[in-house]
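Okay, here's what each chain looks like letter by letter:
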Amino acid sequence: MPGVVTRFAPTPSGPLHVGHLLAALQARRLADVHGGACLLRIEDIDITRSRRHEWVDLMYEDLAWLGLHFDGEVMVQSNRFDVYAAALARLKAMGLLYPCFCTRAEIKAQIAEMGRAPHATLGYLYPGTCKHLSADEAEARIARGDAHAWRLDMERVQDLIGTPLWCDMHKGVQRCVPTVYGDVILARKEMPASYHLAVVIDDAEQGVTHVTRGEDLFDATNIHRALQAVLALPVPTYCHHGLLKDNAGKRLAKRDGARSLASLRAAGYSAQDVRDSLQQALLNGGIWKV
Ligand code: GLU
């Protein structure tokens, strides 16, 4: 397979942990198998500015310690807000976005009233309340300075693109039915671009042909596929890999500092020890023992 391009795209909102190593190795190895390139992208749009440098510096230290290298230039999302803003403007001009003024508490109350269950991985889906505001009212509230987010109108998206296909290397061809995933937020005041928007734009710009990432993002890929269709972006192949678990079978969480690479390093483990433990975990159904 010539021209395979993968990427490792960590969100350094804390120290990297063993799950990040798994994700990085998946991307690196898939590229290596095909003689391709593996790029690095720092997904730092949602990270408190004050700690961004600290976590990014630690990330580079961890990657160097592990002996992981990446090809080409590093892409840093916090340098690219103007690119995301241009995409948002395009989506607005296409009539696919609407402003939403609901607070989290209001959304929770609306959902409770409707008796809806949460989506398995995407949480509570927005019930669409602000979609029904008149254009005049929405404009007046924006002019008044009311806090708002911009949501993607999935009904309109579906009218425009139908139900496009995408392919996961493990699970085969999938059909994306946009309305199933709710009207996701693409921007809000304190976050000018959401993960969903930035990830599709950046995968396209970096020429990523194969997206490797944890299976927790499988459902979100449908949202990404819908955005690729409306923005006429190329569609990579996806490879959603299993996640590491603790002894009780629970997914290792980021906040679980004991499995951070920095803490393993401080405890005297070598990079090879950590790689060996990861290999063991993969042979053992993803259960991380160290
Ligand atoms: N930035 C995400 C994370 O660190 C990964 C996103 C992706 O691979 O699409 O969990």
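In this text, all values refer to a predicted model and were calculated from it rather than measured experimentally.

Enquirer: Explain the sheet that holds strand β1 (residues 5-8) to me, please; I cannot follow it from the model alone.
Expert: The strands that make up a sheet pair up through hydrogen bonds in the backbone, lying either parallel or antiparallel. Strands sit in the order β1-β2-β3 across an open sheet of 3 strands; the sheet is parallel. Bordering the open sheet on either side are β1 and β3 (75-76), each of which pairs with just one other strand. Running over the sheet, helix α2 (residues 49-66) touches β1 and β2 (37-42) and is turned about 155° from β2. The strands touched by helix α7 (residues 195-205) within the sheet are β1, β2 and β3, with β2 carrying the most contacts at an inclination of about 145°.

Enquirer: Looking at this structure, how should I read unusual backbone geometry?
Expert: For residues that are not glycine, phi is negative in most cases, and the peptide bond is trans in most cases. Even without a glycine there, the phi angle at A232 is positive, about 55°. Along the chain, the position of A232 falls in the loop between α8 (220-231) and β10 (237-241). The class for A232 is exposed, based on a relative accessible area of 64%.

Enquirer: Is there a simple way to think about the site of the ligand in this case?
Expert: Taken together, R7, A9, P10, T11, E43, Y195, V199, R213 and L217 make up all the residues around the ligand. Between the ligand and the protein, one listed contact pairs a nitrogen atom with a backbone N or O atom of A9 at 2.7 Å. Out of a free accessible area of 300 Å², the ligand has 81% covered by protein chains. Per-class residue counts for the shell around the ligand are 5 nonpolar, 1 polar and 3 charged.

Enquirer: What exactly am I supposed to notice about the nonpolar core here?
Expert: Considering soluble globular proteins, one finds that nonpolar side chains tend to be buried as a cluster. One finds L91, L152, L186, L197 and L227 to be the most contacted residues of the largest nonpolar core, which totals 34 residues. Only α3 (81-93), β5 (149-152), α6 (154-161), β8 (185-188), α7 and α8 provide two or more residues apiece to this core. Ignoring sequence-local partners within four residues, the contact set of L91 consists of L96, L97, L186, L197, L227, V230 and L231. In this structure, V18, V56, L261 and L278 belong to the second largest nonpolar core, which totals 28 residues.

Enquirer: How should I be thinking about the packing of α6 against α8 in this particular structure?
Expert: Between two packed helices, the angle of one axis relative to the other and the distance separating the axes together describe the packing. Running from amino to carboxyl end, α6 crosses α8 at an angle of 55°, the nearest separation of the two axes being 10 Å. Between α6 and α8, the interaxial angle falls into the category oblique. The chirality of how α6 crosses α8 is left-handed. Only I223, A226, A229 and V230 of α8 make contact with α6, whose side of the interface consists of M154, V157, L160 and I161. For the contact of α6 with α8, a count of residues per class yields 8 nonpolar, no polar and no charged.

Enquirer: Would you mind going over the sheet that holds β8 with me for this structure?
Expert: Ordered in space as β4-β5-β8, the 3 strands form an open sheet in which the pairing is antiparallel. The strands lining the two open edges of the sheet, one partner per strand, are β4 (97-100) and β8. On average, adjacent strands in this sheet sit at an angle of 30° to one another, irrespective of strand direction. Taken together, the 3 bridges between β5 and β8 define a ladder with antiparallel strand orientation. From the neighbouring strand, R151 faces β8, where its bridge partner is I185.

Enquirer: So what exactly am I meant to see when it comes to the side chain of R151 here?
Expert: If you trace the backbone, R151 turns up in strand β5. Put simply, R151 is tucked away with no salt bridge, and the nearest opposite charge, on D183, sits 6.7 Å away. From its side chain, R151 meets the backbone oxygen of D183 in a polar contact 2.8 Å long. Those residues within four positions of R151 in sequence are excluded, and the remaining contacts are L96, L97, Y98, C100, I107, Y126, D183, V184 and I185.

Cut-offs and rules
- Residues numbered from 1 in each chain as written.
- Predicted model: local features only at pLDDT ≥ 70, side-chain atom pairs only at ≥ 80, totals over all residues.
- Heavy atoms only, no water.
- Pairing = 2+ DSSP bridges.
- Helix = DSSP H or I, 4+ residues; strand = E, 2+ residues; numbered from the N terminus.
- Contact = heavy atoms within 4.5 Å.
- Axes fitted to C-alpha atoms, helices over the stretch in contact; angles between N-to-C directions.
- Buried < 20%, exposed > 50% of the residue type's maximum accessible area, 1.4 Å probe, protein only.
- Near = heavy atom within 4 Å.
- Polar contact = N/O pair within 3.5 Å; in protein donor to acceptor, adjacent residues only side chain to side chain.
- Areas by Shrake-Rupley, 256 points an atom, 1.4 Å probe, with all protein chains shown as cover.
- Nonpolar A, V, L, I, M, F, W, Y, C, P; charged D, E, K, R; others polar.
- Core = buried A, V, L, I, M, F, W, Y, C linked by side-chain atoms within 4.5 Å.
- Parallel < 35°, antiparallel > 145°, perpendicular 65-115°, else oblique.
- Left-handed = near helix turned anticlockwise from the far one by under 90°.
- Lys, Arg positive; Asp, Glu negative; His and termini not counted.
- Salt bridge = Lys/Arg side-chain N within 4 Å of Asp/Glu carboxyl O.

By themselves, these observations are geometric and do not establish any function.
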